[in-house]
Amino acid sequence: MQLAKVIGSVVSTQKSASLLGKKLMVITWVNLDGSGPAQNEKLEEIAVDSVGAGVGELVLVTRGSSARKIFPEPNQAIDLAIVGIIDTIDRF
Amino acid sequence: MQLAKVIGSVVSTQKSASLLGKKLMVITWVNLDGSGPAQNEKLEEIAVDSVGAGVGELVLVTRGSSARKIFPEPNQAIDLAIVGIIDTIDRF
Amino acid sequence: MQLAKVIGSVVSTQKSASLLGKKLMVITWVNLDGSGPAQNEKLEEIAVDSVGAGVGELVLVTRGSSARKIFPEPNQAIDLAIVGIIDTIDRF
Amino acid sequence: MQLAKVIGSVVSTQKSASLLGKKLMVITWVNLDGSGPAQNEKLEEIAVDSVGAGVGELVLVTRGSSARKIFPEPNQAIDLAIVGIIDTIDRF
Amino acid sequence: MQLAKVIGSVVSTQKSASLLGKKLMVITWVNLDGSGPAQNEKLEEIAVDSVGAGVGELVLVTRGSSARKIFPEPNQAIDLAIVGIIDTIDRF
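Conventions we followed
Residues numbered from 1 in each chain as written. Chains lettered and ligands numbered in written order. Predicted model: local features only at pLDDT ≥ 70, side-chain atom pairs only at ≥ 80, totals over all residues. Heavy atoms only, no water. UniProt positions renumbered as here; feature names shortened; annotations may be inferred. Helix = DSSP H or I, 4+ residues; strand = E, 2+ residues; numbered from the N terminus. Rg over C-alpha atoms; globule rule 2.2 N^0.38 Å. Buried < 20%, exposed > 50% of the residue type's maximum accessible area, 1.4 Å probe, protein only. Contact = heavy atoms within 4.5 Å. Areas by Shrake-Rupley, 256 points an atom, 1.4 Å probe, with all protein chains shown as cover. Least-squares fit on C-alpha atoms with pLDDT ≥ 70 in both. Buried area = accessible area lost by both parts, 1.4 Å probe. Salt bridge = Lys/Arg side-chain N within 4 Å of Asp/Glu carboxyl O. Polar contact = N/O pair within 3.5 Å; in protein donor to acceptor, adjacent residues only side chain to side chain. Nonpolar A, V, L, I, M, F, W, Y, C, P; charged D, E, K, R; others polar. Pairing = 2+ DSSP bridges.

- Going by what an unreviewed UniProt entry lists, chain A is known as Ethanolamine utilization protein EutN and is assigned to Sodalis ligni.
- Taken directly from UniProt, the Subcellular location (unreviewed entry) text for chain A runs: "Bacterial microcompartment".
- Turning to chain A, the UniProt annotation filed under Sequence similarities (unreviewed entry) states: "Belongs to the CcmL/EutN family."

The structure is reproduced here in structure tokens:
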């Protein structure tokens with residue numbers, strides 16, 4: 001999983017039925033210290049929220065079939081999902 | 001999922017049967033502000049349209065098995081699909 | 001999916017049984033205009049041909065489980081497959 | 001699989017149910033000689049521990065559905081897992 | 001699939017049960033001409049051998065669920081596997 005910050009949201013009316021009712025959040029990848037997009041990282045991506053994350057929050061994001069499978073309905077058009085809101089990061 | 005712009009289409013007669021009748025659109029990855037190809041991103045890829053997207057439109061693209069599974073027939077030779085047309089992007 | 005050019009082939013006698021009888025083609029990623037390896041792209045990869053592609057042809061390549069599943073036998077050791085030969089590319 | 005070093009841990013209370021009781025470890029990718037983040041690599045990611053790895057240890061990490069499937073419960077929101085602690089590396 | 005060279009091996013006692021009895025080989029990605037790590041490529045990764053590959057050999061490597069599925073037991077913690085030893089490469 002990766003660390004990201006929620007920086008916005010996207011509205012799409014004409015979309016795959018499996019995305020109906022899903023919150024499409026704009027995220028940007030961040031380093032451990034919360035600083036800007038990690039080196040060599042894609043700048044922004046769109047993740048479906050599954051835990052009630054709000055804009056500005058530091059979140060845990062999972063990718064691929066693991067992102068799809070956390071939603072009960074089969075065959076979701078989802079390859080990126082927010083699966084946790086970060087409370088604390090301990091770096092040793 | 002990722003943001004992309006539809007910039008063309010591809011014709012392939014000799015292809016996997018699972019691609020018959022599918023619209024093969026050329027897309028390029030874009031940043032939130034719509035500017036062209038995100039840093040470090042592959043320049044162009046080919047995505048199967050599933051929502052009636054037209055050239056020039058800003059779209060939502062999903063990758064991997066999630067792209068394959070939105071089509072009813074099993075075992076599609078698809079790893080990238082357009083799954084939404086973007087109306088608005090709110091950046092906070 | 002991605003655009004690639006077939007630039008050679010590979011012979012491997014000692015290999016996974018699932019690759020027996022499969023044509024292992026060397027491909028390099030190309031831009032829309034057919035020019036050299038796309039920026040930041042792996043230079044060459046090996047894809048299993050599924051449509052009779054020949055050397056020098058511009059092809060459509062799919063990755064991951066979608067590449068494996070176009071072959072009827074289960075559990076193929078395949079993560080990259082040629083799934084179409086490109087006739088034309090229309091860029092708008 | 002990839003080589004990584006465990007450099008910390010993350011706490012998330014509001015998270016996918018499938019992550020309950022799982023240890024979320026911060027890892028950074030390392031070269032064979034244990035030196036800093038591999039060239040062109042994402043700096044840090046979050047992996048679920050499955051072998052009792054501690055901070056500072058050199059570990060083996062697997063990605064994607066293979067990371068999800070090592071846990072018995074179905075549909076885990078996991079795309080990265082620590083699956084081994086490295087004893088020795090022999091380079092020839 | 002990708003071309004790689006076997007450059008060593010790794011020993012891990014404390015590991016996922018699914019890795020027991022598996023040979024964990026260190027590989028580095030190579031270009032067609034066998035020269036050093038492909039541009040922009042991760043330097044070294046760990047692949048499970050499935051064809052009896054030895055150190056120094058040029059091999060064919062597959063990634064993701066296709067790497068996991070070549071082993072008979074279910075739910076292997078494997079995302080990278082050596083699936084062929086290269087005899088010859090013909091470049092046109």
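Now that the structure is up, let's keep going.
## A short note on the overall build of chain A
Line of reasoning, step 1. Of the regular secondary structure elements, chain A holds one helix and six strands.
Line of reasoning, step 2. Of the regular secondary structure in chain A, the N- to C-terminal order runs β-β-β-β-α-β-β.
Line of reasoning, step 3. Here chain A has a C-alpha radius of gyration of 13 Å; the compact-globule value for 92 residues is 12 Å, and the two agree.
Line of reasoning, step 4. In terms of its C-alpha atoms, chain A occupies a principal-axis envelope of roughly 45 × 25 × 20 Å.
Line of reasoning, step 5. For chain A, the residues scored as buried account for 59% of the 92 residues in total.
Line of reasoning, step 6. Counting contacts in chain A only where the partners sit at least 6 residues apart, residues at least 24 apart contribute 56% of the total.
Line of reasoning, step 7. Of the roughly 3300 Å² of accessible surface on chain A, 52% is carried by carbon and sulfur atoms.

## Things to note about the relation of the copies chain D and chain A
Line of reasoning, step 1. With an axial shift of 0.0 Å and an RMSD of 0.0 Å, the rotation relating chain D to chain A amounts to 72 degrees. On the angle and the small slide along the axis, the relation comes out as a five-fold axis.
Line of reasoning, step 2. Interface residue correspondence from chain D to chain A reaches only 10%, placing this contact among heterologous pairings that use different surfaces.

## Points about the relation of the copies chain B and chain C
Line of reasoning, step 1. Of the two same-sequence chains, chain B is brought onto chain C (RMSD 0.0 Å, axial shift 0.0 Å) by a rotation of 72 degrees.
Line of reasoning, step 2. Mapped onto chain C, only 10% of the interface residues of chain B are again interface residues, and the two copies thus contact each other with different surfaces.

## Regarding the interface of chain B and chain C
Line of reasoning, step 1. If you look at the interface, chain B gives 31 residues, while chain C gives 28 residues.
Line of reasoning, step 2. For the chain B and chain C pair, buried surface summed over both sides reaches about 2500 Å², with 51% attributable to carbon and sulfur atoms.
Line of reasoning, step 3. Inspection of the chain B/chain C interface yields one salt bridge.
Line of reasoning, step 4. Scanning the region where chain B abuts chain C turns up 19 residue pairs in polar contact (both at pLDDT 80 or more).
Line of reasoning, step 5. Going through the elements one at a time, β1 (2–11), β2 (24–29), β3 (44–49) and α1 (65–68) of chain B are the ones with two or more residues in the side of chain B that touches chain C.
Line of reasoning, step 6. For the side of chain B that touches chain C, the element with the highest residue contribution is β1 of chain B, accounting for five residues.

## Some thoughts on the interface of chain D and chain A
Interface size, as often reported, equals the accessible area lost upon joining of the parts.
Line of reasoning, step 1. Contacts between the two partners involve 31 residues from chain D, matched on the other side by 28 residues from chain A.
Line of reasoning, step 2. Each partner contributes to the roughly 2500 Å² buried at the junction of chain D and chain A, and carbon and sulfur atoms together form 51% of this total.
Line of reasoning, step 3. The interface formed by chain D and chain A includes one salt bridge.
Line of reasoning, step 4. With a closest N to O distance of 3.5 Å, R91 of chain A and E44 of chain D form a salt bridge.
Line of reasoning, step 5. Across the contact surface, chain D and chain A share 18 residue pairs in polar contact (both at pLDDT 80 or more).
Line of reasoning, step 6. Listed by contribution, the elements that provide at least two residues to the side of chain D that touches chain A are β1 (2–11), β2 (24–29), β3 (44–49) and α1 (65–68) of chain D.
Line of reasoning, step 7. Top element by residues in the side of chain D that touches chain A is β1 of chain D. It accounts for five residues.
Line of reasoning, step 8. Within the side of chain D that touches chain A, the residues separate by chemical class into 13 nonpolar, eleven polar and seven charged.
Line of reasoning, step 9. Pairing between strand β6 (residues 88–91) of chain A and β1 of chain D: four bridges, direction antiparallel. If you follow I89 of chain A over to β1 of chain D, its bridge partner there is V10 of chain D.

## With respect to the pairing of β3 of chain D
Residues and elements named next belong to chain D.
Line of reasoning, step 1. With six of six residues buried, β3 lies mostly within the body of the structure.
Line of reasoning, step 2. Of the two faces of β3, the one lined by E44, I46 and V48 and the one lined by E45, A47 and D49 are each fully buried.
Line of reasoning, step 3. In this structure, β2 lies alongside β3, joined through five bridges in antiparallel fashion. Its bridge partner being in β3, T28 is matched across the sheet by E44.

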